Amino acid sequence: MALERTLVLLKPDCVQRRLMGRVISRFEDKGFNIVAMKMLRVTPELAKTHYAEHVAKPFYPALESFITASPIVALVLEGLEAIRVTREILGATSGLKAAAGTIRGDFSGSRQMNLVHASDGPDAAAREIALYFQPGELQSYEPSLTPWFRASDEG
Ligand code: CMP
């Protein structure tokens, strides 16, 4: 069972629709630690670096316009299997296909305006965390509630 860190972005639609608190609550409710968080404006350069694998795709120009249109919030979540579990909490890319109970399934009806981004694997998590945060901006701490989220003999 791996203790992992993953990058999450609350995209411009999440900030503008005043869904930040409800979205962050889902990660806190699950028991994840937020070990870094900041609001920023994504530049076209940062968008191209972050979404390098999508730059040549037909939807990229619209994606760049969207992600740079308004501030976002970047955060780093820490927890057991955090990369996979966070993606499951988000749901499928399209809000119309995402299962009910997921963030996108409950709050989005769009493929582009899908509210939240999360790293899709360990390599992406390491790369994306380094894009948005300096090492000194990450905090390590043990919440006092930890013993009430998972039994100590579960490994
Ligand atoms: P995200 O998980 O941040 O990864 C890439 C983003 O591109 C995705 O969420 C959507 O916001 C956007 N995206 C992916 N596929 C499409 C598509 N077919 N059309 C428009 N936007 C897309």
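Residues numbered from 1 in each chain as written. Predicted model: local features only at pLDDT ≥ 70, side-chain atom pairs only at ≥ 80, totals over all residues. Heavy atoms only, no water.

## Observations concerning the overall build of the protein chain
The helix and strand inventory of the protein chain stands at seven helices and four strands. Each helix (α) and strand (β) of the protein chain, taken in turn from the N terminus, gives the series β-α-α-β-α-α-β-α-α-β-α. Compactness check: the protein chain gives a C-alpha radius of gyration of 15 Å against a globular reference of 15 Å for 155 residues, within 12% of the reference. Reported as C-alpha extents along the three principal axes, the dimensions of the protein chain are approximately 50 × 35 × 25 Å. Relative to its 155 residues, the protein chain shows a buried fraction of 46%. Considering only residue pairs separated by 6 or more positions, the protein chain has 76% of its internal contacts joining residues 24 or more positions apart. Per element, the accessible surface of the protein chain, about 8500 Å² overall, is 55% carbon and sulfur. The protein chain carries 18 positive and 18 negative side-chain charges, and their two centres are separated by 9 Å. (Helix = DSSP H or I, 4+ residues; strand = E, 2+ residues; numbered from the N terminus. Rg over C-alpha atoms; globule rule 2.2 N^0.38 Å. Buried < 20%, exposed > 50% of the residue type's maximum accessible area, 1.4 Å probe, protein only. Contact = heavy atoms within 4.5 Å. Areas by Shrake-Rupley, 256 points an atom, 1.4 Å probe, with all protein chains shown as cover. Lys, Arg positive; Asp, Glu negative; His and termini not counted. Charge placed at Lys NZ, Arg CZ, Asp CG, Glu CD.)

## Topic: the site of the ligand
All residues adjacent to the ligand are K11, Y51, H54, F59, L63, R104, R111, Q112, N114 and H117. R111 places a polar side-chain atom, nitrogen or oxygen, 3.3 Å from a nitrogen atom of the ligand. A distance of 2.9 Å separates an oxygen atom of the ligand from a polar side-chain atom of H117. Contact with the protein chains removes 84% of the 450 Å² of surface that the ligand exposes when unbound. (Near = heavy atom within 4 Å. Polar contact = N/O pair within 3.5 Å; in protein donor to acceptor, adjacent residues only side chain to side chain.)

## Regarding the nonpolar core
Ranked by size, the top nonpolar core spans 22 residues in total, and within it V8, L10, V23, F27, L75, I103 and V116 carry the most contacts. Sorting the residues of this core by element identifies β1 (3–10), α1 (12–16), α2 (20–30), β3 (72–80), α5 (82–90), α6 (103–107) and β4 (116–118) as the ones contributing at least two each. A total of four residues in this core trace back to one element, the largest contributor, which is α5. Contacts of I103, omitting those with residues within four sequence positions, involve V23, R26, F27, I89, L90, S108, L115 and V116. (Core = buried A, V, L, I, M, F, W, Y, C linked by side-chain atoms within 4.5 Å.)

## Some points on the sheet that holds β4
If you trace the four strands from one edge of the open sheet to the other, you get β2-β3-β1-β4, paired in antiparallel fashion. Strand pairing shows two members of the sheet lacking a second neighbour, β2 (33–40) and β4, which therefore form its edges. Adjacent strand axes in the sheet meet at a mean angle of 20° when their direction is disregarded. In this sheet, β4 lies alongside β1 in antiparallel orientation, the contact comprising three bridges. Residue pairing in the sheet places L9 in a bridge with H117 of β4. Against the sheet, α5 makes contact with β1, β3 and β4, and its axis sits at roughly 35° relative to β1, the strand it touches most. (Pairing = 2+ DSSP bridges. Axes fitted to C-alpha atoms, helices over the stretch in contact; angles between N-to-C directions.)

## What to know about the side chain of N114
Within the secondary structure layout, N114 lies in the loop between α6 and β4. For N114, a relative accessible area of 3% puts it in the buried group. A distance of 2.7 Å separates a polar atom in the side chain of N114 from a polar atom in the side chain of K11. Excluding residues that lie within four positions of it along the chain, N114 makes contacts with K11, D13, T93, R104 and S108.

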